[in-house]
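A closer look at the structure
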Amino acid sequence: MGVYDVIVVGLGGMGSAAAYHLAARGVRVLGLEKFGPAHDRGASHGGSRITRQSYFESPSYVPLLLRSYELFDGLARDSGRDVITLTGGVMVGRPDSLTVSGSRRSAEQWGLAHEMLDAAELRRRFPTLNPEPDEVALYEAKAGFVRPEATVSAHLELAARAGADLRFEEPMASWHELPGGGVRVETAAGSYEAGRLVITPGPWAPQLLADLGVPFIIERQVQYWFQPAGGVGPFLPERHPIYIWEDATGRQIYGFPAIDGPDGGAKVAFFRGGSPTTPETIDREVHDDEVRAMADRTRHHLPGLPGTFLRAKTCLYSNTPDEHFVIAQHPAHDAVTVACGFSGHGFKFVPVVGEILADLATAGTTRHPIDLFHPSRLSGVTS
Ligand SMILES: Cc1cc2nc3c(=O)[nH]c(=O)nc-3n(C[C@H](O)[C@H](O)[C@H](O)COP(=O)(O)OP(=O)(O)OC[C@H]3O[C@@H](n4cnc5c(N)ncnc54)[C@H](O)[C@@H]3O)c2cc1C
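Rules and cut-offs
- Chains are numbered independently. Their residues run from 1 in the order of the written sequence.
- Only residues with pLDDT of at least 70 are given local features in this predicted model, and only at 80 or more are side-chain atom pairs given and counted; all residues enter the totals for whole chains, interfaces and linings.
- Side-chain measures were taken over the full set of non-hydrogen atoms in the model, leaving aside hydrogen atoms and water.
- For each residue, the test is whether any non-hydrogen atom lies within 4 Å of the molecule or strand; if one does, the residue is near.
- By the criterion applied in these results, polar contacts are pairs of N or O atoms within 3.5 Å in which, for protein atoms, one can donate a hydrogen and the other can accept it, and in which residues neighboring in sequence qualify only through two side-chain atoms.
- The accessible surface values rely on the Shrake-Rupley method and a 1.4 Å probe; as for residues, cover is taken only from the protein chains in view.
- Secondary structure elements follow DSSP: runs of H or I no shorter than four residues count as helices, runs of E no shorter than two count as strands, and numbering proceeds from the N terminus.
- The classification used treats Ala, Val, Leu, Ile, Met, Phe, Trp, Tyr, Cys and Pro as nonpolar, Asp, Glu, Lys and Arg as charged, and all other residues, Gly among them, as polar.
- Joining through side-chain atoms within 4.5 Å is the link that ties buried Ala, Val, Leu, Ile, Met, Phe, Trp, Tyr and Cys residues into a set, and such a set is a nonpolar core.
- A simple rule labels every residue: compare its accessible area, found with a 1.4 Å probe on the protein chains alone, to the largest value its type can have, and call it buried under 20%, exposed over 50%, or partly exposed in between.
- Note on contacts: a residue pair qualifies if any of its non-hydrogen atoms lie within 4.5 Å across the two residues.
- For two strands to be treated as a pair, DSSP must find at least two bridges joining them.
- A fitted line through C-alpha atoms serves as each axis, taken over the contacting stretch for helices, and the angle formed by two N-to-C directions is quoted from 0 to 180°.
- UniProt positions are given in the numbering used here, feature names are shortened, and annotations may be inferred rather than shown by experiment.
- Whenever a carboxyl oxygen of Asp or Glu lies within 4 Å of a side-chain nitrogen of Lys or Arg, that contact is scored as a salt bridge.

1. What about the site of the ligand?
Taken together, 34 residues surround the ligand, and among them Glu33, His39, Ser44, Cys315 and Lys348 come closest. In the environment of the ligand, a nitrogen atom lies 3.1 Å from a nitrogen or oxygen atom belonging to the backbone of Lys34. Gly346 is positioned such that a nitrogen or oxygen atom in its backbone is 3.1 Å from an oxygen atom of the ligand. Calculation on the ligand without its partners gives an accessible area of 1000 Å², and the protein chains cover 97% of this total. Elements represented by at least two residues in the shell around the ligand include exactly helix H1 (13-24), strand S3 (49-51) and strand S18 (308-319). Partitioning the shell around the ligand into residue classes produces 18 nonpolar, twelve polar and four charged.

In structure tokens form, the structure reads like this:
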């Protein structure tokens, strides 16, 4: 049994990044993961995740995004893996939609490079897109996509190289604080002690972090791949941007270029509006009526789609009531740091969340702005 400073439980998106940032600082890390490396049972699979800086959710996220972009570049360099690609992106909707007005607010507040396009200009620049006459778009060259499995694998590889002890197929069964400080974690294979515990459970938060008092809702979501009717040419990343598209009812879809070669198709999905579930009971089958609903919505905005349906895969959102993250020292346990509730928009922050968790677990504080993410806003618990 090794001697550890920090145990990280859950080596998905956030936990793999935390293990890497801790190990890179010379901290002795044990990482415990329920499944294998970069698996598809949680929230960090499906080949692509949108990244963008003009953040409609709130301008408060922008400084974190700027740092996350730097760290993604460093991760690509250090791992030799293709983790981030900037294709440019459009946030489309009516001018007063949250998608457009919120993105614009963040861009203006932080002086981020962007262009506002009317419907005619959007259609001219991106012939794959077919906006309504009253729709506009915020175009951002720095938007693009990140690769979830490659990002998790890169963080795990670099963490192991820096000395982290990573154990897969070994779920944490229980933990408790030790009277003299520190924690003990139990698994079926053994018992481990460390000074601090970082818990990054993704959609298992309701089980592992019930004592935060946050009413998480775990939501079933589906990612769909369609082969464009006229071939992938117009949908290649050089020509077709990532997009989030809000319709008059407020429902958003989002999608990607054809990033996986001539037969890989283009991925599209609804943002939010899935059904509540749990990681144990989720229906992982995707049904015909769901594919039809996605195809109909896609047809409306992108004339080259849906073309041929290729495949679909479920995934899990971990929603908080206000859709903002939870990242903090555990209000009831000094030795424990938590990150969860990423509410369907966390992956683009994975590297910076890893850095923040390493800060919190080693120094108890971070230079990054995380006040928005304290769980007391949702639970009434104060720290
Ligand atoms: C369909 C879909 C589309 C998305 N699109 C985007 C997007 O475009 N842009 C974006 O930024 N974000 C997006 N997201 C959100 C983003 O992917 C998530 O916020 C992020 O992956 C969450 O990472 P995580 O580490 O919290 O969870 P996970 O990656 O699921 O990691 C949690 C880990 O904890 C492990 N675990 C659980 N219990 C235990 C235990 N007892 N012991 C040990 N290990 C345990 C799990 O096995 C898992 O590996 C999307 C999510 C989905 C599902």
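2. Side note on the nonpolar core
Formed by 65 residues in total, the largest nonpolar core has its most connected members in Leu22, Val29, Tyr254, Ile327, Phe349 and Val353. Of all elements in the fold, only strand S1 (4-9), H1, helix H2 (62-79), strand S8 (144-146), helix H5 (148-161), strand S14 (242-246), strand S16 (266-271) and helix H8 (350-363) reach the threshold of two or more residues within this core. Of the residues forming this core, the biggest block, eight residues, is contributed by H8. Not counting residues within four places of it along the chain, the set of residues in contact with Ile327 comprises Val338, Ala339, Phe342, Val353, Ile356, Leu357, Leu360, Ile370 and Phe373. With 27 residues, the next largest nonpolar core counts Trp175, Ile199, Ala205 and Leu209 among its residues.

3. Thoughts on unusual backbone geometry
Residues Leu305 and Pro306 are joined by a peptide bond in cis, for which omega reads 10 degrees. Positionally, Pro306 belongs in the loop between helix H7 (288-301) and S18. Positive phi, close to 55 degrees, is recorded for Glu169, a residue that is not glycine. Within the secondary structure, Glu169 sits in the loop between strand S9 (165-167) and strand S10 (172-177). Positioned with a positive phi, Arg272 is a non-glycine residue whose angle comes to about 75 degrees. With respect to the helices and strands, the residue Arg272 is situated in the loop between S16 and strand S17 (275-276). Given the relative accessible area of 14%, Arg272 is considered buried.

4. Digging into the sheet that holds strand S4 (residues 84-86)
Judged by pairing direction, the sheet is antiparallel, and its three strands sit side by side in the order S3-S8-S4 without closing on themselves. Each edge of the sheet is formed by a strand with only one pairing partner; in this case those strands are S3 and S4. With strand direction ignored, the average angle separating the axes of adjacent strands in the sheet is 30 degrees. Bridge count for S4 against S8 is three bridges, and the pairing is antiparallel. When the bridges of S8 are listed, Ile84 appears paired with Val146.

5. Details of the UniProt feature "domain: FAD dependent oxidoreductase" (unreviewed entry) in the chain
The feature "domain: FAD dependent oxidoreductase" (unreviewed entry), as given by UniProt, occupies residues 5-360 in the numbering adopted here. Along residues 5-360, the helical share is 26% and the strand share 29%, with 13 Å between the first and last C-alpha atoms.

6. Here we look at the pattern of salt bridges
Applying the stated criterion across every chain, the model contains 22 salt bridges. In this structure, Glu355 and Arg367 form a salt bridge, with 3.6 Å as the shortest nitrogen-oxygen distance. In this pair, Glu355 sits in helix H8 while Arg367 sits in the loop between H8 and helix H9 (376-379), placing the two residues twelve residues apart along the sequence. Note on Arg367: relative accessible area 63%, which makes it exposed. Through salt bridges that share partners, Arg67, Glu70, Glu355 and Arg367 make up one connected network.

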